[in-house]
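Coordinate analysis (summary)
Each chain, written out:
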Amino acid sequence: MPSPLFADRPAQPPEPGAVDALISQTRRLRGEVDAVRRDAVADEDDPQQRWQRALCDLAVHQLDDLGVQLGQLRAGVPVEVPPGEETGPAPGFAADPEPGTAYGTSAPARTGALLSRVGSAEWNLLTDEVSWSEELYQIFGRTRESGPLSLDEMPTLVFAEDQPLLQGMVTDCLIDGKPIDGEFRIVRADGRVRTVHMTGEPVLDPDGCTASMWAVLRDVSELRRSERAVRESRAGLERSRDIERTERRVAVELQEAVLPPWRGSLHFAHDGPAPLDVAAHYLPAVSTGLIGGDWYDALALPGGDALLTVGDLTGHGVAATSSMAMLLGALRGMAVAGIRPAALMGHLNQLLETSVQPALGSAMCCRYDPVAQTLTWAQAGHPAPLLFRDGTGRALPRPEGVLLGATTGAAYDEAETRLLPGDLLVLHTDGLTRHGGADDDTGTRRLLALGPRLAGARDAQEGVRVVIEEFGEESREDDACVMVVRVGH
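Residues numbered from 1 in each chain as written. Predicted model: local features only at pLDDT ≥ 70, side-chain atom pairs only at ≥ 80, totals over all residues. Heavy atoms only, no water.

Describing the overall build of the protein
So the rule is basically this: Starting at the N terminus, helices and strands are each numbered in turn, a helix being any DSSP run of H or I of at least four residues and a strand any DSSP run of E of at least two. Here the term buried applies to any residue with accessible area under 20% of the maximum for its type, exposed to any over 50%, and partly exposed to those in between, with areas from a 1.4 Å probe on protein chains only. When checking whether two residues touch, look at their non-hydrogen atoms; a contact exists if any pair is within 4.5 Å. Here, Shrake-Rupley sampling with a 1.4 Å probe gives the accessible areas, and only protein chains in the shown set may cover a residue.
Counting its secondary structure elements, the protein contains 10 helices and 16 strands. Counting every position in the protein, which comprises 489 residues, the buried fraction comes to 45%. By sequence separation, contacts in the protein at least 24 residues apart represent 65% of the contacts at least 6 residues apart. Looking at the protein as shown, the accessible area adds up to about 23500 Å², and 53% of this sits on carbon and sulfur atoms.

Overview of the pattern of salt bridges
Note the threshold: We define a salt bridge as a side-chain nitrogen of Lys or Arg found within 4 Å of a carboxyl oxygen belonging to Asp or Glu.
Counted by the stated rule, this structure contains 18 salt bridges. Of the charged contacts, one joins glutamate 462 and arginine 458 as a salt bridge, the two residues approaching to 2.7 Å between their closest N and O atoms. Given a relative accessible area of 18%, glutamate 462 falls into the buried group. Linked through salt bridges whose partners overlap, the residues forming this network are Arg30, Asp34 and Asp64.

Thoughts on the nonpolar core
To keep things clear, this is the line we draw: Here, nonpolar core refers to any group of buried Ala, Val, Leu, Ile, Met, Phe, Trp, Tyr and Cys residues whose side-chain atoms link them within 4.5 Å.
Judged by nonpolar contacts, the single largest core of 53 residues is most densely connected at Leu276, Trp295, Leu308, Met345, Leu404 and Met483. If sequence neighbours within four positions are ignored, leucine 276 has contacts with Leu266, His267, Phe268, Ala306, Leu308, Tyr368, Val485, Arg486 and Val487. If you look at the next biggest cluster of nonpolar residues, it comprises 24 residues, including Ile139, Met154, Val170 and Met198.

A closer look at the pairing of strand 4 (residues 193-204)
We count it as follows: For two strands to be treated as a pair, DSSP must find no fewer than two bridges joining them.
Where strand 3 (residues 180-187) meets strand 4, 8 bridges bridge the pair, whose relative direction is antiparallel. The residue bridging phenylalanine 184 from the neighbouring strand is valine 196, located in strand 4. Counting the residues in the hairpin turn of strand 3 and strand 4 gives 5 residues, including glycine 191, whose phi is positive at 90°. As judged from the 9 bridges shared by strand 4 and strand 5 (residues 210-219), these two strands associate in the antiparallel manner.

Concerning unusual backbone geometry
Positioned with a positive phi, aspartate 128 is a non-glycine residue whose angle comes to about 60°. Position of aspartate 128 among the secondary structure elements: in the loop between strand 1 (118-124) and strand 2 (130-132). Relative accessible area serves as the criterion here: at 64%, aspartate 128 is assigned to the exposed category. Phi angles above zero are rare outside glycine, and glutamine 373 is one such case at about 55°. Relative to the elements of secondary structure, glutamine 373 occurs in the loop between strand 10 (361-369) and strand 11 (374-380).

As for the environment of glutamate 247
When you line up the elements, glutamate 247 lands in helix 5 (residues 221-258). A relative accessible area of 42% means that glutamate 247 is categorised as partly exposed. On a C-alpha basis, the gap between glutamate 247 and valine 318 in space is 6.1 Å, while along the polypeptide they are 71 residues apart.

Things to note about the sheet that holds strand 10
As a reminder of what qualifies: Axis lines are fitted through C-alpha atoms, for helices just across the contact stretch, and the angle between N-to-C directions can take any value from 0 to 180 degrees.
A sheet is described by the order of its strands in space; here 5 strands give the open sequence 8-9-10-11-14, paired in antiparallel fashion. The sheet terminates laterally at strand 8 (292-300) and strand 14 (415-418), the two strands that pair on one side only. On average, each strand axis in the sheet is inclined to that of its neighbour by 15°, with strand direction left out of account. Examined bridge by bridge, strand 11 and strand 14 share 4 bridges and lie antiparallel to one another. Bridge pairing links tryptophan 377 to alanine 415 in strand 14. Relative to strand 8, helix 6 (residues 318-336) is tilted by about 20°, and along the sheet it contacts strand 8, strand 9 (306-316) and strand 10.

Brief notes about helix 6
Going by this rule: Here, expected helix span is obtained from the residue count minus one, scaled by 1.5 Å. This arc is built from the directions going out from the helix axis to the C-beta atoms.
The terminal C-alpha atoms of helix 6, which comprises 19 residues, lie 27 Å apart, in line with the 27 Å expected from a rise of 1.5 Å per residue. Within helix 6 the residues assigned to the buried category are Ala320, Thr321, Ser323, Met324, Leu327, Leu328, Leu331, Met334 and Ala335. For helix 6, the buried positions fall inside an angular range of 160° around the axis, keeping them on one side. Once helix 6 ends, the next one or two residues include glycine 338, with phi positive near 95°.

Remarks on the packing of aromatic side chains
Going by this rule: Only the six-membered ring of Trp is used, alongside the rings of Phe and Tyr, when aromatic pairs are assigned; centres must lie within 6.5 Å, and planes under 30 degrees apart are stacked while those over 60 apart are edge-to-face, with the rest tilted.
Tallied over the entire structure, the rule returns 2 aromatic pairs. Ring geometry for tryptophan 132 against phenylalanine 140: centres 5.1 Å apart, planes inclined by 40°, an arrangement best described as tilted. Comparing tryptophan 132 with phenylalanine 140, the two get one shared label, buried. Members of the aromatic cluster, joined through ring pairs, are Trp132, Tyr137 and Phe140.

Structural notes on the state of the cysteines
This is how it is decided: Here, two cysteine sulfur atoms that lie within 2.5 Å of each other are counted as a disulfide.
Scanning the model with the defined rule gives 0 disulfides in all. The thiol of cysteine 365 is not disulfide-bonded; the next cysteine sulfur, from cysteine 366, is found 6.7 Å away.

Describing a negative patch on the surface
Condition: The patch calculation keeps residues exceeding 30% relative accessible area without a salt bridge and links them within 9 Å when they carry like charges or within 5 Å when they are nonpolar (Val, Leu, Ile, Met, Phe, Trp, Tyr). His is not counted here, nor are the chain ends, while Lys and Arg score as positive and Asp and Glu score as negative. All charge positions are set by atom: Lys at NZ, Arg at CZ, Asp at CG, Glu at CD.
Taken together, the side chains of Glu400, Asp413, Glu414 and Glu416 define an acidic patch exposed on the protein surface. Along the chain, glutamate 416 turns up in strand 14. Judged by its relative accessible area of 59%, glutamate 416 is exposed.

Below is the structure:
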């Protein structure tokens, strides 16, 4: 039926060419958005992907509706459809994608094709005649035999809390001549709940009095469901990001509380003929920004010896840093108690086995005797120390030792190396040099090639800077630690 603004002002039809162009643009855009939606990875455990898929679903809904409305605009007066027949979507527009699939919920049963979601009505106040389009019968789930609803009967199908809104819109339209624009929910005879958007205006007679009221009613249930899915998935994404930020802050604070707060070189074993100058640095993962369980530490021990250690626990976040804090605290306590490196590794292995947060870890523990100038060390699945002497570097032969937490009752061997004044040691976790597979030693060879530059370093802190200049800007997927130890004269 026609939907005039006023009875004496006929609507002007749009130019056919302009509408065709808009339909073509909408059809093309709908295809592009649908392609993006179909290519999206459907990972329901990822809040960001769930939100992106919900946005695509909503965009497809809106473009489908736009295509239908443009099609109606081009067609002009709608054609009456015989009862029981459904009108298909506008040419080039597929039926709606299932709403709610991106949100993880089942889509409701269909109530008709796209065009059946928009209906029209006119209520004649002079004759009490009511005229409904076929589409409106489908929206309300009524048959033609049951007849259309009068304005007084409409509220009987409307949610109780929405009835005042409908009654207020109708009253304002009939009495004050205000246009209608609002939404309400209805309960159909089959029990289905639909959300209906209603727009309309009064039709005035020649004397300016309201003669009838026309309205266009649109079933927006699936559109609103998609919008709700977008809102709730976005809220879930924001909550997930808040949790990630909180966990990262806690992990950083815990790491800063545990790792030594060095801002330069430290000096150990001053009483011996070959004291140590030590500096270290932590490098976070560049590609992910996650805080892992890497550590470094140097500690003066009773009797004048020095403890040097680096290690790496699997995982990231609070779980990894809390396990690292537990392990490093135990390591310090056992070293102060005089436990040798090999036995110490065995105790750490047992500690990880019995932890409430099972994890695997690699570690290296070195004990330096300044009087004998010997380095006694043990390792658990960890890269060997690199010894630089006279500008040339080499990896020390590794004693036997499996990853911490990998085997019950594992035994660890020790190795002993004599250090000379002027020697330089580089201890690091594998995140510094690992860029390919387990057998890729490219990173280690690059580190050994720094021998001439490290030989010219004035102190351990400058040696750390040399290593960071070489490796610091790389796109590492894991965090890393590096410690430089220079044997003095």
